[in-house]
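# Fold and contact review
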Amino acid sequence: MGKTSFLRLKGSKNLRHRLLLSTLVSTPVLIEDIHADETWPGLRPHEVSFLRLLEKICDDCVVEINETGTKLKYKPGIVMGGKHIHDCGVSRSTGYFLEPLIVLGLFGKTPLSIKLKGITNDSKDPSVDTFRSTTLPMLKHFGVPSEGLELRIESRGAPPHGGGEVFLSVPTIQDSLAAVTLTDMGMVKRIRGVTFSTRVSSQFENTMIHAARGIFNRLLPDVHIFTDHKAGPQAGKSRGYGISLVAETTTGCLISADNAISYARGDEDGEIDEEEKKMLMPPGDVGEQIASVLLGEIAQGGVVDSTHQGLLFLLCALCAPDVSKVRVGKLSPHGIESLRNIREFLGFEFVLKEDPETGTVVAKCVGCGLKNLARKVS
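Residues numbered from 1 in each chain as written. Predicted model: local features only at pLDDT ≥ 70, side-chain atom pairs only at ≥ 80, totals over all residues. Heavy atoms only, no water.

Note on placement: Glu55 falls in helix 2 (residues 45-57). We classify Glu55 as partly exposed; its relative accessible area is 31%. Counting along the chain gives 22 residues from Glu55 to Gly77, while the straight-line C-alpha distance between them is 8.5 Å. Residue contacts for Glu55: discarding those within four places in its chain leaves Cys61 and Val63. (Helix = DSSP H or I, 4+ residues; strand = E, 2+ residues; numbered from the N terminus. Buried < 20%, exposed > 50% of the residue type's maximum accessible area, 1.4 Å probe, protein only. Contact = heavy atoms within 4.5 Å.)

Let us now look at the layout of surface pockets. In this approach the atoms are scanned with a rolling probe the size of a water molecule, which exposes any empty space left behind. Here the largest pocket defines a volume of roughly 820 Å³. If you go around the largest pocket, you meet 29 residues; those closest to its centre are Arg92, Lys124, Asp125, Pro126 and Thr307. At the level of secondary structure, the elements contributing two or more residues to the lining of the largest pocket comprise helix 1 (15-24), helix 2, helix 3 (95-106), strand 15 (254-262) and helix 7 (283-300). (1 Å grid on protein atoms, 1.4 Å probe; cavity = no way out; pocket = protein on both sides within 12 Å on 5 of 7 lines; lining within 4 Å. Points joined across faces, edges and corners; volume = space filled by probe spheres on them.)

This part is about the sheet that holds strand 7 (residues 82-87). Taken together, the four strands give an open sheet; going across it, the order is 7-8-10-9, and neighbouring strands pair in mixed fashion. Strand pairing shows two members of the sheet lacking a second neighbour, strand 7 and strand 9 (150-155), which therefore form its edges. Taking each pair of neighbouring strands and ignoring which way they run, the sheet shows an average axis angle of 15°. Pairing geometry for strand 8 (residues 112-118) and strand 10 (residues 164-170), over seven bridges, is antiparallel. By the bridge assignment for strand 10, Lys117 is matched with Glu165. Relative to the sheet, helix 3 contacts strand 7, strand 8, strand 9 and strand 10, its axis offset from that of strand 10 by approximately 25°. Docked against the sheet, helix 4 (residues 128-139) engages strand 9 and strand 10, running at close to 165° with respect to strand 9. (Pairing = 2+ DSSP bridges. Axes fitted to C-alpha atoms, helices over the stretch in contact; angles between N-to-C directions.)

What follows concerns the pairing of strand 15. Burial of strand 15 is extensive: eight of the nine residues sit out of reach of the surface. The antiparallel hairpin formed by strand 14 (residues 240-249) and strand 15 contains four residues in its connecting segment, where Gly252 sits at a positive phi of about 90°.

Written out as structure tokens, the structure is:
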């Protein structure tokens, strides 16, 4: 056996995305200076939890962390899939873990079925409702079969104590993802949504719906927002409420926005910052705010919203070796970091061209043709 050569990286930025790409293309990585300049240096609890999750679903995966947690050696294994249960903790929601799991599951040896425990809705990560209504349908553009692709919410969990459970199943792909051309957003034809509330009055949901509809009904008639009030064990351990909205266009594009309100977690030393205090806004304001955010996302003119840009670029990069062409709105920080990581791990860049008329960006690339080799060997 020869000596393993590691791709050397620095900093904690986009650690999750780097580990995902490392696993997909089987490139060992050495990451240094992880949160090195902060009061509490080293890997955060959710980052350690994500590494434990990779160990569960991959075979022969090696993780080495130094004493201070500022240096990480990661040697990826083969994605096995299978049935698992994972506790995500309470420092980040299940949305943090769902995005990489969906991509890894496609390239597994067997279909992936996993139950995730923790926080289902918070203001940092996309909610489980957004994943169910927007992220999973997006995969169908790339030729992923809808059979076996499911996200089921068994119980809700809001910060700071969580207590929610979601069940994700992802099928494996036969060969590689299909290249896509998504350049026409179309016109919005309907808006769907769902509100949730845990351990608070169900009237909060009606207030959010009324406020959101007050904005949308002036623009289009087909607006339906459903309620999902949880009580008892299904309501988790903390009080919270929120709303997730999705706009469907005439060309089949889905644009989403969501928000969740709960009592602040506080940071590592238990203090609550001013931003989190402001997040305790009344339900009427939440409905209005998220309706305005969704209209802002639609106005950008992209085929996906800003939170899905990174995933869209990654899927295009992994496609069969053919040209993929997508139109997005203003590039989000997550989208930009994803493009940098794709260049780092896959060795090619997207061609980005701004459309001055619409203010959108057209991104083109030839996919790397990543095949599901794990499945072929079996």
